[in-house]
Amino acid sequence: MSLGQQLAPHLPFLRRYGRALTGSQMHGDKYVRATLEAIVAAPDQFPRDVDPRLGLYRMFQGIWSSANYDELDNDGIDADGNEGLARARLARMTPLSRQALLLTAMEGFTPEDAAYLIDVEPSEVENLVSEALAEIEKQTRARVLIIEDEPIIAMDIETIVRDLGHEVTGVAVTRDEAVALAMEDRPGLVLADIQLADDSSGIDAVKDILAEFEVPVIFITAFPERLLTGERPEPTFLITKPFQRSTVKAAISQALFFDQSTIPAE
């Protein structure tokens, strides 16, 4: 099996990680493309002594830690044309502690693997994750709208959100209900399933909401590969079903970390 064939199944999840790190599909996907270009240009530099997925993320981390932001975003402007926001995001680029949290909680790497990826001693990873969690505890609390048609899952998400100190503005099971709840009581964060009770789409519900006001969104799906192709506008933050509490916590904290309303203006 060629190296490309070995890496292909892991690319959607690397895009998920890249987007979570940068708070942007555009920027996250650019780091992934830069990683692939580096591998093609110098295949002998790819780590052959580890699992291909681990080697892929290691190459990505090398690009992430050394690349110039402006080289990946030539005009220095974010997807909405907001130069100030792009620079503010740069000033708040995801620190090592949050990288450790995302690698373990969202991407499922062991502490030992995470240590290899961010080039620290394994004993440091636990401290870095604890540091990230302590930072999350200080984070501004959000008002969260949940869009989920499966009662047990909705209840589970609501419990996690409330336990994290956030307020739930409502739980919607259809597109129309989601939009109505959002208009009635504007949330500061949306957690949305893809497939809803009336065969409507959580993506369409979110599009309707975003047409009225800006709000960070986290999508929840059992089929993440479908939304991580890098070929069209896709979610920045994505949770895979079945999910762990720690995954939801990491995704919520990272989405709020990059929320425009919490980023200081230049």
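What you see is a predicted model, and the numbers here were worked out from it, not measured in a lab.

Engineer: Can you tell me about the packing of helix α2 (residues 11–22) against helix α3 (residues 25–41), naming the residues and giving the values?
Structural biologist: Relative orientation of the contacting elements α2 and α3 amounts to 130°, with a least axis distance of 7 Å. If you check the angle between α2 and α3, you find them oblique. The handedness of the crossing between α2 and α3 is right-handed. Along its contact with α2, which presents Leu-11, Leu-14, Arg-15, Gly-18, Arg-19 and Thr-22, the element α3 presents Gln-25, His-27, Gly-28, Asp-29, Tyr-31, Val-32 and Leu-36. Here the residues of the contact of α2 with α3 sort into five nonpolar, five polar and three charged.

Engineer: An account of the pairing of strand β1 (residues 143–147) is needed here, citing residue identities and associated values.
Structural biologist: Burial runs high along β1: four of the five residues are buried. Note: β1 against strand β2 (residues 167–172), five bridges, orientation parallel. Looking at β2, one finds that Ile-147 is bridged to Ala-172. At this point the chain moves from β1, through helix α10 (residues 151–163), to the parallel β2, and the crossover so formed is right-handed.

Engineer: Please set out the sheet that holds strand β4 (residues 217–221) residue by residue, giving values where relevant.
Structural biologist: In spatial order, the strands read β2-β1-β3-β4-β5; together these five strands make up an open sheet with parallel pairing. Single-partner strands in this sheet number two, and they are β2 and β5 (237–240). Strand-to-strand twist across the sheet, computed as the mean angle between neighbouring axes with direction ignored, equals 20°. Taken strand by strand, helix α12 (residues 202–210) contacts β1, β3 (189–193) and β4, and its axis lies near 170° from that of β4. Running at roughly 175° to β5, helix α13 (residues 245–257) makes contact with β3, β4 and β5 of the sheet.

Engineer: Before we move on, can you summarise the side chain of Glu-107 with the specific residues and values?
Structural biologist: Positionally, Glu-107 belongs in the loop between α7 (96–106) and α8 (111–118). Setting aside anything within four residues of it in sequence, one finds Glu-107 in contact with Phe-13, Arg-16, Tyr-17, Arg-53, Tyr-57 and Leu-102.

Engineer: Can you tell me about the packing of aromatic side chains, naming the residues and giving the values?
Structural biologist: Using the criterion set out here, one finds six aromatic pairs in the structure. Counting every residue linked through ring pairs, the aromatic cluster contains Tyr-17, Tyr-31, Tyr-57, Phe-60, Trp-64 and Phe-109. In this structure, Arg-53 is placed above the aromatic ring of Phe-109, and the distance from its NZ or CZ to the ring centre is 4.0 Å. The ring of Phe-223 has Arg-226 lying over it, and the distance from NZ or CZ to the ring centre is 4.1 Å.

Engineer: Explain the pattern of salt bridges to me, using residue names and the numbers behind them.
Structural biologist: Using the criterion set out here, one finds 17 salt bridges in the structure. Between Arg-16 and Glu-107 there is a salt bridge, with its nearest N and O atoms 3.0 Å apart. Linking Arg-16 in helix α2 with Glu-107 in the loop between α7 and α8, this pair joins segments that are 91 residues apart in sequence. Judged by its relative accessible area of 7%, Arg-16 falls in the buried class. Residue classification places Glu-107 among the buried positions, given a relative accessible area of 4%. A salt bridge links Arg-141 to Glu-137, with the nearest nitrogen and oxygen atoms 3.8 Å apart. Overall, the relative accessible area of 46% leaves Glu-137 in the partly exposed class. Here the salt bridges do not stand alone but share partners, grouping Arg-19, Asp-29, Arg-232 and Glu-234 into one network.

Engineer: Give me the confidence of the model for the protein: which residues, what numbers.
Structural biologist: Within the protein, residue pLDDT values average 87, and 87% of them lie at 70 or more. In the predicted structure, residues 74–83 sits below a pLDDT of 50 and forms 16 contacts with residues beyond four places in sequence or in another chain. The low-confidence segment residues 262–266, where pLDDT is below 50, has 13 contacts with residues more than four positions distant or belonging to other chains.

About the thresholds
Going along each chain's sequence as written, the residues are numbered from 1 onward. In keeping with the predicted nature of the model, local features appear solely for residues at pLDDT of at least 70, side-chain atom pairs appear and are counted solely at 80 or more, and the whole-chain, interface and lining totals rest on all residues. For side-chain calculations, the full set of non-hydrogen atoms in the structure is used, while hydrogens and water are omitted. Between N-to-C directions, angles cover 0 to 180 degrees, with each direction set by a line fitted to C-alpha atoms, over the stretch in contact for helices. Strands here mean DSSP runs of E at least two residues long; helices mean DSSP runs of H or I at least four residues long; both are numbered from the N terminus. If an angle is under 35 degrees, it is roughly parallel; if it is over 145, roughly antiparallel; if it lies from 65 to 115, roughly perpendicular; otherwise it is oblique. The handedness criterion is simple: a crossing whose near helix is rotated anticlockwise from the far helix by less than a right angle is left-handed, and one whose near helix is rotated clockwise is right-handed. Every residue pair with non-hydrogen atoms within 4.5 Å of one another is taken to be in contact. The classification used treats Ala, Val, Leu, Ile, Met, Phe, Trp, Tyr, Cys and Pro as nonpolar, Asp, Glu, Lys and Arg as charged, and all other residues, Gly among them, as polar. Only protein chains enter the accessibility calculation, which uses a 1.4 Å probe; a residue whose area is less than 20% of its type maximum is buried, one above 50% is exposed, and one in between is partly exposed. A pair of strands is treated as paired once DSSP finds two or more bridges between them. Clockwise travel from the first strand over the helix to the second, with the strands pointing away from the viewer, marks a crossover as right-handed. When two rings of Phe, Tyr or Trp (its six-membered ring) have centres within 6.5 Å they constitute a pair, described as stacked for plane angles under 30 degrees, edge-to-face for angles over 60, and tilted for the intermediate range. Only when the NZ of Lys or the CZ of Arg is both within 6 Å of the ring centre and within 35 degrees of the ring normal is a charge said to sit over the ring. By salt bridge we mean one thing: a side-chain nitrogen of Lys or Arg within 4 Å of a carboxyl oxygen of Asp or Glu. The predictor attaches a confidence to each residue, called pLDDT, with possible values from 0 through 100.

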